[in-house]
Amino acid sequence: MIWIDRIHRWTGACIGLLLAALGLSGTLLLYEDAWLRATIPQAEEPLVMDVASAGAERLLADPTLELTSIIFPTGSLGLFRLSFAGDRGGYADQSGTVLVRWTSKWERLELWLFAFHHDLMMGEIGSMISGGLALIGVGFVLTGALLWWRTRKTFAFRVLPGRWSRLHIMRHHRDLGAVMSPLLLIAMLTGAMLTLRPVADFLLAPLSPPGTIAESLAAPNVKGGPIDRHFDWRTMLQAVRSSYVDAELRTLSVPQREGQLVRVRVRQPDEWLPNGRTVLWFDPANGRLIESRDAHELPLATRAFNLVYPIHASSVGGLAYKAVMTLAGLALTLLGTLAIYGFWSFQARRRAVFGSRHSS
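The structure presented is a predicted model; accordingly, all values stated were derived computationally and were not measured.

What counts, and where the lines are drawn
Residues numbered from 1 in each chain as written. Predicted model: local features only at pLDDT ≥ 70, side-chain atom pairs only at ≥ 80, totals over all residues. Heavy atoms only, no water. Axes fitted to C-alpha atoms, helices over the stretch in contact; angles between N-to-C directions. Helix = DSSP H or I, 4+ residues; strand = E, 2+ residues; numbered from the N terminus. Parallel < 35°, antiparallel > 145°, perpendicular 65-115°, else oblique. Left-handed = near helix turned anticlockwise from the far one by under 90°. Contact = heavy atoms within 4.5 Å. Nonpolar A, V, L, I, M, F, W, Y, C, P; charged D, E, K, R; others polar. Salt bridge = Lys/Arg side-chain N within 4 Å of Asp/Glu carboxyl O. Core = buried A, V, L, I, M, F, W, Y, C linked by side-chain atoms within 4.5 Å. Buried < 20%, exposed > 50% of the residue type's maximum accessible area, 1.4 Å probe, protein only. Pairing = 2+ DSSP bridges. Patch = residues over 30% accessible without salt bridge, like charges linked within 9 Å, V, L, I, M, F, W, Y side chains within 5 Å. Areas by Shrake-Rupley, 256 points an atom, 1.4 Å probe, with all protein chains shown as cover.

Student: Describe in detail the packing of helix α1 (residues 2-29) against helix α5 (residues 123-150), supporting the description with residues and values.
Tutor: Across the interface, α1 lies against α5 with an axial gap of 10 Å and an inter-helix angle of 135 degrees. Taken together, α1 and α5 sit at an angle that is classed as oblique. In this structure, α1 crosses over α5, and the sense of that crossing is left-handed. Facing α1, whose interface residues are Ile-4, Asp-5, His-8, Thr-11, Gly-12, Ile-15, Leu-18, Leu-19 and Leu-22, α5 presents Ser-130, Leu-133, Ile-136, Phe-140, Thr-143, Gly-144, Leu-146 and Leu-147. Across the contact of α1 with α5, the residue classes tally to ten nonpolar, six polar and one charged.

Student: So what's going on with the pattern of salt bridges? Which residues, and what values?
Tutor: Tallied over the full model, the rule gives seven salt bridges. Two residues, Glu-57 and Arg-234, come together in a salt bridge whose shortest N-O distance is 2.8 Å. Taken together, the residues span a long stretch of sequence, with Glu-57 in helix α3 (residues 49-60) and Arg-234 in helix α9 (residues 233-243) at a distance of 177 residues. Among the salt bridges present, the one from Arg-108 reaches Glu-110, with a minimum N-O distance of 2.9 Å.

Student: Talk me through the nonpolar core; I want residue IDs and the actual numbers.
Tutor: Among soluble globular proteins, nonpolar side chains are generally buried collectively. Ile-70, Phe-80, Met-236, Leu-252 and Val-264 are the most contacted members of the largest nonpolar core, which totals 28 residues. Elements that contribute at least two residues to this core include exactly α3, β1 (67-71), β2 (80-84), α9, β5 (248-253), β6 (262-267) and β7 (278-282). For this core, the leading source of residues is α3, giving five residues. In this structure Ile-70 touches Ala-56, Leu-60, Phe-80, Arg-81, Leu-82, Arg-250, Thr-251 and Leu-252, once residues within four positions along its chain are discounted. Ranked by size, the runner-up nonpolar core spans 16 residues in total, among them Leu-19, Val-141, Met-180 and Leu-184.

Student: Got a sec to walk through unusual backbone geometry? Specific residues and values, please.
Tutor: Phi is positive for Glu-66, which is not a glycine, with a value near 55 degrees. In this structure, Glu-66 sits in the loop between α3 and β1. Under the relative-accessibility criterion, Glu-66 is labelled partly exposed at 44%. The backbone phi angle of Leu-120 is positive, close to 55 degrees, even though this residue is not glycine.

Student: Before we move on, can you summarise the sheet that holds β6 with the specific residues and values?
Tutor: What the eight strands build is an open sheet, ordered β4-β3-β2-β1-β5-β6-β7-β8; its pairing is antiparallel. Across the chains shown, the open sheet's two edge strands, defined by having one partner strand only, are β4 (98-102) and β8 (289-293). Taken pair by pair, the neighbouring strands of this sheet meet at an average axis angle of 20 degrees, ignoring direction. Against the sheet, α9 makes contact with β5, β6 and β7, and its axis sits at roughly 135 degrees relative to β5, the strand it touches most.

Student: A description of a nonpolar patch on the surface should follow, citing residues and the corresponding values.
Tutor: Together, Phe-155, Phe-157, Val-159, Leu-160, Trp-164, Val-179 and Tyr-341 make up a nonpolar patch on the protein surface, roughly 710 Å² of accessible area in all. Assignment of secondary structure puts Val-179 in helix α6 (residues 166-195).

Student: Describe the packing of α1 against helix α4 (residues 109-119), listing the residues and the values that go with them.
Tutor: Interhelical geometry of α1 versus α4 gives an angle of 135 degrees and a closest axis separation of 9 Å. On the basis of the axis angle, α1 is oblique to α4. Regarding α1 and α4, the two cross each other, and that crossing is left-handed. Taking contact as the criterion, the partners of Ala-21, Leu-22, Ser-25, Gly-26, Leu-28 and Leu-29 in α1 are, on α4, Glu-110, Leu-113, Phe-114, Phe-116 and His-117. Across the contact of α1 with α4, the residue classes break down as seven nonpolar, three polar and one charged.

So, in structure tokens, the structure goes:
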């Protein structure tokens, strides 16, 4: 237990601040839609699917936009999210009128918060590091529970330490961590599964053979024809809506080079995943449907994996679940920052004491 305690404390002292930053950014991202509704008035408009479909056609038909993908409005956010060539993007209302543009994610708070939370703004390598931090966080929860068990009789829950001394900070850290450990474990484990596919494969291996998730989510091994500049987006979207009558249009990816396919994702009523996992691929040369993949018919491991993001991002469970995950994120922020402060302030005082004794 002595070594577990040392490893727990020293590891926390080294990466506690990063975990705290991930906790705070994740908490803020839970309220991204509310932020957009507060800053862009059109975001509060109720979803009208016919209007949104016509707006999407208008956006897709405009060659000056250089669209690479669009995310459709939802019942809680009446805006299109647009991605243009390069790092550019924008928001448009349901009629297809572009309201906001940006040339860099630094221009939008919600964009750089997501970039930091997902991959520490370092791309694929950052995503792996973020996943590694989440796994270490799982280790913190488990070892912290073991260390707390020895002192459980002294448990006293407080939002903040009673005093700003090392002893009181340690007690607060231990007891707060014990209370929030189930929620922290959920947040850390789902975060690791989202950023490190081998973790998801390992945990979901009892449901389907290894590699099933990646294989079932891969695009068809079919090359599309040359991109038609006058592509009939209306007919394609009508075909999508007639195939899945009760589903919501969620995302559309525009081919950027010859051989790629048009990809459309829809969300069926009982899918938890905000953007759904029901996918249709079309040939950009003639609008021919290449493949349609129903989320309900995916392998069991993939269907289970599709639940991970909604659980992590609190997009299911309503306000109650969002509230408890907000508490978990704030608790992680507090645990990380106070761990850093308590550990290194103690180390500084200890060096000062030893230094004064040595000098005397």
